[in-house]
Amino acid sequence: MTEQITQPEVKSLPRIGSKAPQFEAVTTHGKLKLEDYKGSWLVLFSHPADFTPVCTTEFIGFQNIYPQLREMNTELLGLSIDSVHSHIAWVRNIEQNWGVKIEFPVIADLSMDVAGKFGMIMPEESSTEASRAVFVMDPEQVVRAIIYYPLSTGRNMDEILRLITALQTTDEHGVATPADWKKGDRVIVPPSATQEGAAERMNDESLECKDFYFCTKELK
Ligand code: BEZ
């Protein structure tokens, strides 16, 4: 008989713009609470399982971008439904085989409490492993972006850095960022909500407007 694994019941999953659900968890750095990250940006990511190849490449990738993330006041927190001893053995194995020391904490979510609260498990894909989810939270612990990848596909670290750079640029300058935007590129100035404003911005020399709804500017 196959064992039935039940996920904790969750009333509602985090959405972009909502406050992230609070949690306390056992990690490779001891017990941590979401609250501990208040004041920093946080990338909470889940991986399906320790000692698996795609996840190993992702851990090395996340560690490689960790110094850049920290320069952007952004912390990294991993999670899988494995024990803390498994996590410790795996990060030691990564250091032995690849020479990469994993410096960020990893949640051992055997109860699936955190994975359940964040909707990291896709039962149709696997009911015992977390999918490759990424939750970006701002210093007020509001969910600002969510990414989901399937078990078979490793995530793109440049995109995670780009996403945080874009979110921080939006917050600092009140602008939006176009497709494939990277730091230094022109940004989008949100459209005016009035007819008068729309006419005015067409004459604004600091903007480059293709049309009233499409104006860009350089960030100094
Ligand atoms: C991997 O990380 O290689 C992996 C993990 C779970 C399912 C498929 C691949």
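Remember, predicted model here, so these are calculated numbers, not experimental data.

## Looking at unusual backbone geometry
At step 1: The phi dihedral of Met112 falls on the positive side, at around 65°, and the residue is not glycine.
At step 2: Position of Met112 relative to the elements: it lies in the loop between strand 5 (106-108) and helix 3 (113-118).
At step 3: One non-glycine residue, Asp180, adopts positive backbone phi at about 65°.
At step 4: Inspection of the secondary structure puts Asp180 in the loop between helix 4 (157-173) and strand 8 (187-189).

## Remarks on the site of the ligand
At step 1: Around the ligand sit Pro48, Thr52, Pro53, Val54, Cys55, Glu129, Arg132 and Leu151, and those are all the residues in its vicinity.
At step 2: In this structure, Thr52 approaches the ligand through a side-chain N or O atom, which is 2.9 Å from an oxygen atom.
At step 3: Val54 places a main-chain nitrogen or oxygen 2.8 Å from an oxygen atom of the ligand.
At step 4: In isolation the ligand exposes 260 Å². Once the protein is present, 77% of that is buried.
At step 5: For the shell around the ligand, the leading source of residues is helix 1 (residues 53-71), giving three residues.
At step 6: Here the residues of the shell around the ligand are counted per class, giving five nonpolar, one polar and two charged.

## What about the domain arrangement of the protein?
At step 1: Domain parsing of the protein yields domain 1 (24-155) and domain 2 (174-217).
At step 2: Relative to domain 2, the C-alpha centre of domain 1 lies at a distance of 37 Å.

## Section: the UniProt feature "binding site: substrate" (unreviewed entry) in the protein
At step 1: The positions that UniProt labels "binding site: substrate" (unreviewed entry) are, in the present scheme, Arg132.
At step 2: You can see Arg132 is positioned in strand 6 (residues 132-137).
At step 3: Here Arg132 falls in the buried class, since its relative accessible area comes to 2%.
At step 4: Residues in contact with Arg132, not counting those within four places in the same chain, are Ser46, Pro48, Val54, Cys55, Glu58, Ile147, Tyr148, Tyr149, Pro150, Leu151, Thr153 and Arg155.

## Describing the nonpolar core
At step 1: Counting 29 residues, the largest nonpolar core has Phe59, Phe62, Leu76, Phe104, Val136 and Ile160 as the members making the most contacts within it.
At step 2: Listing elements by their share of this core, those giving two or more residues are strand 3 (41-46), helix 1, helix 2 (84-98), strand 6, strand 7 (143-149) and helix 4.
At step 3: With seven residues, the single largest contributor to this core is helix 1.
At step 4: Residues in contact with Phe62, not counting those within four places in the same chain, are Phe45, Leu76, Phe104, Arg155, Met157 and Ile160.
At step 5: In this structure, Ala20, Ala25, Leu79 and Met112 belong to the second largest nonpolar core, which totals 23 residues.

## Let's talk about the UniProt feature "active site" (unreviewed entry) in the protein
At step 1: Mapped onto this numbering, the UniProt entry gives "active site" (unreviewed entry) at Cys55.
At step 2: Locating Cys55 in the fold gives a position in helix 1.
At step 3: Assessed through its relative accessible area of 1%, Cys55 is described here as buried.
At step 4: In contact with Cys55, other than residues within four places in its own chain, are His47, Pro48, Ala49, Trp90 and Arg132.

## Describing the environment of Ala198
At step 1: Summarising the element assignment, Ala198 is placed in helix 5 (residues 195-202).
At step 2: Judged by its relative accessible area of 13%, Ala198 falls in the buried class.
At step 3: Sequence separation between Ala198 and Tyr213 is 15 residues; the distance between their C-alpha atoms is 7.6 Å.
At step 4: If sequence neighbours within four positions are ignored, Ala198 has contacts with Ser192 and Phe212.

Conventions used here
- Residues numbered from 1 in each chain as written.
- Predicted model: local features only at pLDDT ≥ 70, side-chain atom pairs only at ≥ 80, totals over all residues.
- Heavy atoms only, no water.
- Helix = DSSP H or I, 4+ residues; strand = E, 2+ residues; numbered from the N terminus.
- Near = heavy atom within 4 Å.
- Polar contact = N/O pair within 3.5 Å; in protein donor to acceptor, adjacent residues only side chain to side chain.
- Areas by Shrake-Rupley, 256 points an atom, 1.4 Å probe, with all protein chains shown as cover.
- Nonpolar A, V, L, I, M, F, W, Y, C, P; charged D, E, K, R; others polar.
- Domains from an automatic or database assignment.
- UniProt positions renumbered as here; feature names shortened; annotations may be inferred.
- Buried < 20%, exposed > 50% of the residue type's maximum accessible area, 1.4 Å probe, protein only.
- Contact = heavy atoms within 4.5 Å.
- Core = buried A, V, L, I, M, F, W, Y, C linked by side-chain atoms within 4.5 Å.

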